[in-house]
Amino acid sequence: MFKESRLTTADLVKYPFTVEASSYVEKRLGRLGLEELFNPNYEPVIEKAILRIKRSVLTPLKSIQTLKEKVDDVDVEILSFPLAIIMMKVVDDPYFQRRFALFEAKKASSNLENEDVEKLLEVARKSFGWKIFKVDGSFSGMLKIRFTDYLRNASKLREDKWKLVNRYLEYGDVYVTKAEAARLLEEEIRRHIQSKIDEKVVLELPKPVLEKVEELKEFLRKQKKSLPEESFGRVDFKFFPPCIKNIYTDILGGKNVSHIGRFTLTAFLIQIGMNIDDIVKLYTSATDFDERITRYQVEHIAGLVGGRTRYKPLNCESMQTHGLCVGRDEVCQKVKNPLAYYRRVAVRGKRVKHESH
Amino acid sequence: MNPIDFIREKFRLYYAESVNEIKAPTFVEKREFGFVPFRKEKTMIRHRGFENQKKLQDFIKTFVPSDAYYSSAYYKNPSEEKMAEKGWLGADLIFDIDCDHIQTPCKKEHDSWVCLDCGEVFSSPTKKCLNCGSEKVDEEKWICEECLDAAKKEVLKLLKILEEDFGISEKTVGIVFSGHRGYHVHVENKDLVKLEAEERKEITDYITGAGLKLNMLQNLDVSKTGWSGRLAKTLYDLCLKKPEELASIGLREKTVKKIVEKRSQILDLLVFGGEKGEVEKLLGKTVWREVFEKAFREASVPIDTVVTTDIHRLIRLPKTLHGKTGFRVVPLSLEKLYEFNPLNDALAFPSDEKIKVKVKNAKKIRIGGETYGPYKDEVVGLPMPVAMFYVCRGKATPAG
Ligand SMILES: [Zn+2]
Ligand SMILES: [Zn+2]
């Protein structure tokens, strides 16, 4: 069926985001496309899509690598992926959307790492347009990848080894191991899935399916109760400046955030009155940070341990220098630091609320 | 005549004659332009867009800017004021190499710090006036052939890194003399326009060597590219130097001795490739650190990282004039760069025309192969490019 591809149908189960998987879905569903799935015959696909989403929330990031999934029906597996993406649009919650993208990407990446290298190359090239090749000679066993493909993904990773300056770079190609290529692909896949979720195309879900999604939303709402966001009290996310909002959602989505980014978010949250436990929970629930170390760092920034200085978040200028500023909105023009932004907007926000009563 | 009117009139004449030499940048209709007017209040006028080269030239000719810029970025609507509505489409990759970032011995001779309250001049950096205690001390940077040459050398290093490490051929790279203290290198390449700020940051860190971890590199080997190769090459060059040369670049006596003693072993390691850290073992920790520091500085290029990472940057438009020097912003091919001396080749005004200016207090400058100054409170007749330089720098006013 896929003469031109090295990917088997079993591979499409593992890599349902690939172009090959998309054309499989297209062929399988015919002219009606995904709407076909609302036919009662496809009940298992709907159930599977919901399960996919639930698992993305319930599985700790650390155990994704050892995750074993039982495949009963390849069709159900492959078809449930695009449906889950549509459901995530309806769920309309950035945290769970990011979490879903991250979960699927990590799962695929860990599979790719253990796969024959040719398959990894196939996915990277065909689905994401990477220029990636096997290397002969003294670097035999390694892969070389165009530096632009490398940077698009590695610039989001914070360890020293990902910095371009610590890489062997030759005529535009960066040398990486297969495991490293799989890690870089994880970033690419995550962004790809996220962009699919963010696409504005809406597919009307029929009532029975919508009801299921409502149940799913209820389930997610309950999950969220155990997350710090709800226990914010007087701290209100919608008053955050764009830069802090960005770091905050990155953390919630399990993305890599630079040390300075975490520092400034922590200092910000402390300054606006979020309690230490909630901040620690924020970091440990969404990432694999060690709780003990995280607590120490948060307490340090709060001035409870160490030098007893209560740190302030970076000001706008430093945020820009560190590349944390994501563009200034109207309020930004009037303030010099993220805290002033929050206070300004929060005061106004409360006033508006008051007036409207 | 007041100096601003004087400069503006000269600039007007220049543009009246030479505006046709100004080439619109590629995709001109997608670029934002900015102009600094000749006014006391020198706020830049931004968000200007032009459909074509002719309209750009016409504008410059009538407006007569003190300085003219265009965006490295491409926008859907370049003349929108709000960034969000501009619709960023991509940006060229730009590097800025400026004397400011290069340590040269000449700076001790020509840079000074001036107290704005009492007028006292100091030859070494100070924040507070040593005469009257005022904190209004202004750094006054000057240029000379030596530091401009150092900047050129760094450009050549950069071009090599772009070619060997990044695979960006010098043929696709534009080199521009900035009109004052250095050079810009433009890379227009469709694979690179979409690079985000943090990806560009990785490129600048690679070029400056920021965040380099020696233990993460390959072993030092002159046949390689990348940092391991470049460090190996600079170390190799270093080891070939005579003892007195090594001393003259500031290495301690002990270090020089050690290098001479281990020279042939080090060269062997660098050529035939040894184990990681072998050169370090051979030299000992402290000597190695000193040698490495030198090699590192030689292997890195001190680009201004902010210019490269700013994806909305405005950059000087080639063939326009620089308002602080009266020099021309000159686009250069690589062959031309080798020969290029800004203090001869970027002059915009005729050298055979002389004019009298009143100079308050100005250092010497070598322009057109002749040295002028220093001057203090005197009226001198100077060739136009020299007079313009002093007036533009605020050091002189037209006399009579
Ligand atoms: Zn003074
Ligand atoms: Zn100099």
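What you see as residue numbers is a count from 1 along each chain, following the sequence as written. Here chains are named by letter from A upward and ligands by number from 1 upward, in the order in which they appear as written. Local features in this predicted model are restricted to residues of pLDDT 70 or higher, and side-chain atom pairs are both shown and tallied only at a pLDDT of 80 or more, whereas totals for entire chains, interfaces and linings draw on every residue. Note that water and hydrogens are dropped before the side-chain values are worked out from all heavy atoms of the structure.

Concerning the environment of Val287 of chain B
Residues and elements named next belong to chain B.
Logical step 1: With respect to the helices and strands, the residue Val287 is situated in helix H11 (residues 285-299).
Logical step 2: For each residue, the accessible area found with a 1.4 Å probe, counting protein chains only, is set against the maximum for its type, and the residue is called buried under 20%, exposed over 50%, and partly exposed in between. Relative accessible area serves as the criterion here: at 2%, Val287 is assigned to the buried category.
Logical step 3: Linking Val287 and Lys258, residues 29 residues apart in sequence, is a C-alpha distance of 7.7 Å.
Logical step 4: When checking whether two residues touch, look at their non-hydrogen atoms; a contact exists if any pair is within 4.5 Å. Aside from chain neighbours lying at most four places away, what touches Val287 is Lys254, Thr255 and Lys258. Helix numbering and strand numbering both begin at the N terminus, where a helix is a DSSP run of H or I of at least 4 residues and a strand a DSSP run of E of at least 2.

Here's the deal with the domain arrangement of chain A
All names here are of chain A.
Logical step 1: Taken as a whole, chain A is organised into domain 1 (9-219) and domain 2 (228-356).
Logical step 2: Between domain 1 and domain 2, the contact holds eleven residues from the first and 13 residues from the second.
Logical step 3: Across the domain 1 to domain 2 interface the summed buried area is about 1,000 Å²; carbon plus sulfur atoms make up 54%.
Logical step 4: When residues of domain 1 are sorted by the area they lose upon contact with domain 2, Tyr95, Arg98 and Arg158 head the list and together hold 49% of the total.
Logical step 5: Whenever Lys or Arg places a side-chain nitrogen within 4 Å of a carboxyl oxygen from Asp or Glu, that contact is recorded as a salt bridge. Taken together, the links from domain 1 to domain 2 amount to one salt bridge.
Logical step 6: Between Asp250 and Arg98 there is a salt bridge, with its nearest N and O atoms 2.9 Å apart.
Logical step 7: For the side of domain 1 that touches domain 2, the element with the highest residue contribution is helix H5 (residues 94-113), accounting for four residues.
Logical step 8: Lys, Arg, Asp and Glu make up the charged group, whereas Ala, Val, Leu, Ile, Met, Phe, Trp, Tyr, Cys and Pro make up the nonpolar group; the residues left over, Gly among them, are polar. Here the residues of the side of domain 1 that touches domain 2 are counted per class, giving four nonpolar, no polar and seven charged. Domain delimitation in this document rests on an assignment produced automatically or drawn from a domain database. A 1.4 Å probe defines the accessible area here, and the buried area is the portion of it lost by two parts on being joined, summed over both.

Points about the packing of aromatic side chains
Logical step 1: When the centres of two rings from Phe, Tyr and Trp lie within 6.5 Å, Trp using its six-membered ring, the rings pair. Their planes under 30 degrees apart give stacked, over 60 give edge-to-face, and anything left gives tilted. Under the defined criterion, the tally for this structure stands at 38 aromatic pairs over all chains.
Logical step 2: Judged by centre distance (6.4 Å) and plane angle (40°), the ring pair of Phe33 of chain B and Tyr70 of chain B falls under tilted. Of this pair, Phe33 of chain B sits in strand S1 (residues 33-36) while Tyr70 of chain B is found in strand S3 (residues 67-71), placing the two residues 37 residues apart along the sequence.
Logical step 3: For Phe33 of chain B, a relative accessible area of 0% puts it in the buried group.
Logical step 4: Site record: aromatic cluster; members linked through ring pairs are Phe33, Phe35, Phe50, Phe59, Phe63 and Tyr70 of chain B.
Logical step 5: Both a distance and an angle decide whether a charge sits over a ring: NZ of Lys or CZ of Arg must be within 6 Å of the ring centre and within 35 degrees of the ring normal. The ring of Phe219 of chain A carries the charged tip of Lys54 of chain A above its face, separated from the ring centre by 4.9 Å.
Logical step 6: When the ring centre of Tyr75 of chain B is taken as reference, the NZ or CZ atom of Lys86 of chain B above it lies at 5.5 Å.

A few points about the coordination of the zinc ion (ligand 1)
Residue and element names in this part refer to chain B.
Logical step 1: Metal donors were taken as nitrogen, oxygen and sulfur atoms no farther than 2.8 Å from the ion, or 3.2 Å where the ion is Na, K or Ca. Water is excluded, so coordination may look unfinished. Around the zinc ion (ligand 1), the protein supplies Cys115 (SG), Cys118 (SG), Cys129 (SG) and Cys132 (SG) as donor atoms, at distances of 2.3 Å.
Logical step 2: With four donor atoms in place around the zinc ion (ligand 1) and angles of 106 to 118° between them, the coordination shape is tetrahedral.
Logical step 3: Along the chain, the residues donating to the zinc ion (ligand 1) fall in the pattern C-x2-C-x10-C-x2-C. Within this pair, whereas Cys115 is found in strand S7 (residues 112-115), its partner Cys129 is found in the loop between strand S8 (121-122) and strand S9 (137-140), the two being separated by 14 residues in sequence.
Logical step 4: For Cys115, a relative accessible area of 2% corresponds to the buried category.
Logical step 5: On the basis of relative accessible area, Cys129 is assigned to the buried category, the value being 4%. A four-donor site is classed as tetrahedral when every donor-metal-donor angle falls between 85 and 135 degrees; four donors are called square planar, and six octahedral, when trans pairs exceed 155 degrees and all remaining angles lie between 65 and 115, with any other arrangement labelled irregular.

Focus: the sheet that holds strand S1 (residues 132-134) of chain A
Residue and element names in this part refer to chain A.
Logical step 1: Think of it this way: DSSP has to see at least two bridges between two strands before they count as a pair. With antiparallel pairing, the four strands of this open sheet are ordered in space as S1-S2-S4-S3. Unpaired on one side and paired on the other, S1 and strand S3 (169-170) mark the two borders of the sheet.
Logical step 2: Of the strand pairs in this sheet, S3 and strand S4 (residues 173-176) are connected by two bridges, and their pairing is antiparallel. Within S4, the position partnered with Glu170 by the bridge is Asp173.
Logical step 3: Strands in contact with helix H6 (residues 117-128) are S1 and strand S2 (143-146); relative to S1, the strand with the most contacts, it is inclined by about 160°.
Logical step 4: Packed onto the sheet, helix H7 (residues 147-154) meets S2, S3 and S4 and runs at close to 85° relative to S2. Angles run from 0 to 180 degrees between N-to-C directions of axes, and those axes are lines fitted to C-alpha atoms, restricted for helices to the stretch in contact.

Observations concerning the packing of H6 of chain A against helix H8 (residues 178-198) of chain A
Residues and elements named next belong to chain A.
Logical step 1: Two elements in contact, H6 and H8, have axes separated by 11 Å at closest approach and are oriented at 30°. The way H6 lies across H8 gives a crossing that is left-handed. For the pair H6 and H8, the contacting residues are Val117, Leu120, Ala124 and Phe128 in the first and Lys178, Ala181, Ala182, Leu185, Glu188, Ile189 and His192 in the second.
Logical step 2: Each residue belonging to the contact of H6 with H8 can be placed in one class, and the counts come to eight nonpolar, one polar and two charged. Two helices crossing with the near one rotated counterclockwise from the far one by less than a right angle form a left-handed crossing, whereas a clockwise rotation gives a right-handed crossing.

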